[in-house]
Amino acid sequence: MTAFLLDVDTGIDDALALAYLAALPDTEFVSVTATPGNVDADQVARNTLALLELCGRPGVEVAIGARVPLSIPLVTTPETHGPQGIGYAVLPEPDGQVSARNAVDLWIDHARARPGELTALITAPLTNFALALRKEPDLPELLAGVVIMGGSFYYQGNTTPTAEWNTHVDPHAAKEVYAAYRGRPAAKLPVVCSLDTTERMEMRPDHVRQLAEAAGASVPELVLPDQTEGRRSTSDNRVIRHLSDALRFYFEFHRLYDQGYLAHVHDFFAAGVAAGTLEYSARPATIDVETDSPLLMGTTVADYRGLWGSAPNARIVSANNPEQAFRELITAVGNLAARLG
């Protein structure tokens, strides 16, 4: 059993990551917290509650912490994820309510109550995690492990030529988080899933079709490049219908930016790394983040060779296996969708 603390900015690929983790029989959602990023924090929390309920995980405590980055204005991305953050999908109103507790306090309280038991997965800007580290500097020792989706090293950024989205939204938070891990034991260093490997996770129309087949849907789920933009799924399976509508928007966005009719599902990969279900390898490095240069704001830099004279503060994923990952995704989420009907 893997017990998770999650911090998300749901988000199409966050939604897929949550659906995947919900599909695994040996995962516990201790709490899920909302950081502003793809959409504002309140919308993130509503999306997350609704998605967890859709995927058969009601009753999970969902809380909000920061509503803006540490030092710069919030920028969201409706052009990438849609006005509500989940593409064309319109999730049912959740039965659950957003927790009255603060996300930062929630993480600290859970980590103190269950030292060494909880795995942290962060698929959002690092604002809440930075605030939690300010308040509890021993948090890295209290957590069993940390997986972060963020950064770009030997790869073009997806927000600026050098910066990845999550880091660019709150570069000051990312800089604080990596600084907090300097000098920590190697086993406690965060595993960082950067664009270098997450953009190898190219979800395509055939994956959506296979997902619906695995769910036992009565009609093929065809999300195709020659169809009218904004077309909505008519699948008789609720999970497939909503994921298909979200992914169609993501496919169209990527095509608009000349990346093909596909979706880079970054956060699903990070979720699989955290759950221990996906193949990958990682290299230790010292990470720092640019926060002063207007040209390079949010750029992540990795020193693999010790040129800065600082000990490693992260383990950066250097290789993965997309074919194995999508087999795992289709089987797990397909079975979940079949079970929920």
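Owing to the predicted nature of the structure, the values given are computational and were not obtained by experimental measurement.

Asker: Which residues make up the overall build of the protein chain, and what are the values?
Answerer: When helices and strands are tallied, the protein chain shows 13 helices and 11 strands. Against the globule reference of 20 Å for 341 residues, the protein chain gives a C-alpha radius of gyration of 19 Å, in line with a compact fold. The C-alpha extent of the protein chain, read off along each of the three principal axes, is 60 × 45 × 35 Å. For the protein chain, with 341 residues in total, the buried portion stands at 60%.

Asker: Can you explain the nonpolar core? Please cite residues and give values.
Answerer: Within the largest apolar cluster, 74 residues are counted, with the highest numbers of intra-cluster contacts made by Leu6, Tyr20, Leu21, Phe29, Leu121, Met203 and Val265. The leading source of residues in this core is helix α1 (residues 12-23), at 10 residues. Those residues in contact with tyrosine 20 that lie beyond four places of it in its chain are Phe268, Ala271, Gly272, Thr277, Glu328, Leu329, Ala332 and Val333. Residues Val104, Leu126, Leu143 and Tyr181 belong to the second largest nonpolar core, which totals 34 residues.

Asker: Break down the sheet that holds strand β3 (residues 62-64) for me, with residues and values.
Answerer: Pairing between the strands of a sheet is mediated by backbone hydrogen bonds and can be parallel or antiparallel. The 9 strands are arranged β3-β2-β1-β4-β5-β6-β11-β9-β10 in an open sheet whose pairing can be described as mixed. The sheet terminates laterally at β3 and β10 (300-303), the two strands that pair on one side only. Recorded for the sheet is a direction-independent mean angle of 30° between the axes of neighbouring strands. Two elements, strand β9 (residues 280-289) and strand β11 (residues 314-320), share 6 bridges in a ladder whose sense is antiparallel. Within β11, the residue paired with proline 284 across the bridge is arginine 315.

Asker: Describe the side chain of threonine 299, and please don't skip the residues or the numbers.
Answerer: Within the secondary structure layout, threonine 299 lies in the loop between β9 and β10. Using a relative accessible area of 11% as the deciding quantity, one classes threonine 299 as buried. A distance of 2.5 Å separates the side chain of threonine 299 from the side chain of threonine 162, its partner in a polar contact. When near neighbours in sequence (up to four residues on either side) are disregarded, threonine 299 contacts Thr162, Ala163, Asp288, Val289 and Glu290.

Asker: Pulling in residues and values, what's your account of unusual backbone geometry?
Answerer: Threonine 10 connects to glycine 11 through a cis peptide bond whose omega is -5°. Positionally, glycine 11 belongs in the loop between β1 (2-8) and α1.

Asker: Tell me about helix α8 (residues 171-180), and please be specific about residues and values.
Answerer: One full turn of an α-helix is made of 3.6 residues, so residues set three or four places apart face in the same direction. Along α8, the positions that sit buried rather than exposed are Pro171, His172, Ala173, Ala174, Val177 and Tyr178. On the buried face of α8, the contacting elements are α5 (127-135), β5 (145-149), α7 (165-169), β6 (191-193), β9 and β11.

Asker: For the environment of alanine 89, give the residues involved together with the corresponding values.
Answerer: Within the element layout of this structure, alanine 89 appears in the loop between α3 (78-81) and α4 (103-113). Spatially, the C-alpha atom of alanine 89 lies 11 Å from that of arginine 231, the residues being 142 residues apart in sequence. When sequence neighbours within four positions are dropped, the list of residues in contact with alanine 89 reads His242, Asp245 and Ala246.

Asker: Describe in detail the pairing of strand β4 (residues 118-122), supporting the description with residues and values.
Answerer: Of all 5 residues in β4, 5 are buried; the element is thus mostly enclosed. Taking every second residue as pointing to the same face, both faces of β4 are buried, with Leu118, Ala120 and Ile122 on one and Thr119 and Leu121 on the other. Looking at chain direction, β1 and β4 are connected through 5 bridges and run parallel. Pairing of leucine 6 across the sheet is with leucine 121, part of β4. The sheet contact formed by β4 and β5 spans 4 bridges and is parallel.

Asker: Explain the packing of aromatic side chains to me, using residue names and the numbers behind them.
Answerer: Summed over the entire model, instances satisfying the criterion amount to 8 aromatic pairs. Pairing phenylalanine 129 with tyrosine 181 gives two aromatic rings, centres 6.5 Å apart and planes at 40°, and the pair type is tilted. Residue phenylalanine 129 is found in helix α5, and its partner tyrosine 181 is found in the loop between α8 and β6; the two are separated by 52 residues along the sequence. Each member of the pair phenylalanine 129 and tyrosine 181 is classed as buried. Note on phenylalanine 253 and tyrosine 257: the rings are 4.9 Å apart at their centroids and 45° apart in plane angle, and the pair reads as tilted. We classify phenylalanine 253 as buried; its relative accessible area is 13%. Taking the ring centre of tyrosine 304 as reference, the NZ or CZ of arginine 283 above it sits at 3.9 Å.

Asker: Tell me about the packing of helix α10 (residues 205-214) against helix α11 (residues 238-256), residues and numbers included.
Answerer: The description of two helices packed together rests on the angle between their axes and the distance between the axes. Direction vectors running N to C along α10 and α11 enclose 180°, while the axes themselves pass 11 Å from each other. With respect to their mutual orientation, α10 and α11 come out roughly antiparallel. Of α11, the residues touching α10 (which contributes Pro205, Val208, Leu211 and Ala212) are Ile240, Leu243, Ser244, Leu247 and Phe251. Residue classes in the contact of α10 with α11 are distributed as 8 nonpolar, 1 polar and no charged.

Asker: A description of α4 should follow, citing residues and the corresponding values.
Answerer: Looking only at α4, the buried set comprises Ala103, Val104, Leu106, Trp107, Ile108, His110 and Ala111. At the N-terminal end of α4, a side-chain oxygen is found 2.8 Å from the backbone nitrogen of valine 104, two or three residues along, and the residue is asparagine 102.

Asker: Could you give an account of the packing of α1 against helix α13 (residues 322-340), naming the residues involved and the relevant values?
Answerer: Between α1 and α13, whose axes approach to 9 Å, the crossing angle comes to 75°. One way to sum up the angle between α1 and α13 is to call them roughly perpendicular. Together, Leu16, Ala19, Tyr20, Ala22 and Ala23 of α1 and Glu328, Leu329, Ala332, Val333, Leu336 and Arg339 of α13 make up the contact between the two elements. Residue classes in the contact of α1 with α13 are distributed as 9 nonpolar, no polar and 2 charged.

Basis of the calculations
Numbering of residues starts from 1 in every chain and runs along the sequence as written. It should be noted that, the model being predicted, local features are given only for residues of pLDDT at least 70 and side-chain atom pairs only at 80 or more, the latter also being counted only at that level, while totals for whole chains, interfaces and linings use all residues. Side-chain numbers come from the whole structure's heavy atoms, not from hydrogens or water. Comment: elements are numbered from the N terminus, with helices defined as DSSP H or I runs of at least four residues and strands as E runs of at least two. Put simply, the radius of gyration uses C-alpha atoms, and a globule should come to 2.2 Å times the residue count raised to 0.38. Three labels apply to residues, based on accessible area from a 1.4 Å probe with only protein chains included: buried if under 20% of the type maximum, exposed if over 50%, partly exposed otherwise in between. By convention a nonpolar core is built from buried Ala, Val, Leu, Ile, Met, Phe, Trp, Tyr and Cys residues, the set being connected through side-chain atoms within 4.5 Å. Contact criterion: two residues are considered in contact whenever any of their non-hydrogen atoms come within 4.5 Å of each other. Any two strands with at least two DSSP bridges between them are considered paired. For helices, the axis comes from a line fit to the C-alpha atoms of the stretch in contact; other axes are also lines fit to C-alpha atoms, and the angle between any two N-to-C directions lies between 0 and 180 degrees. The definition of a polar contact used here is a pair of N or O atoms within 3.5 Å, where within protein one atom must be able to donate a hydrogen and the other to accept one, and adjacent residues in sequence count solely through side-chain atom pairs. Aromatic pairing here means that ring centres of Phe, Tyr or Trp (its six-membered ring) are within 6.5 Å. Orientation follows from the plane angle: under 30 degrees is stacked, over 60 is edge-to-face, and everything else is tilted. Whether a charge lies above a ring is judged from NZ of Lys or CZ of Arg, which has to be within 6 Å of the ring centre and within 35 degrees of the ring normal. Orientation labels follow simple angle bins: below 35 degrees gives roughly parallel, above 145 gives roughly antiparallel, 65 to 115 gives roughly perpendicular, and whatever is left gives oblique. Polarity classes work like this: nonpolar for Ala, Val, Leu, Ile, Met, Phe, Trp, Tyr, Cys and Pro, charged for Asp, Glu, Lys and Arg, and polar for all others, with Gly in that last group.

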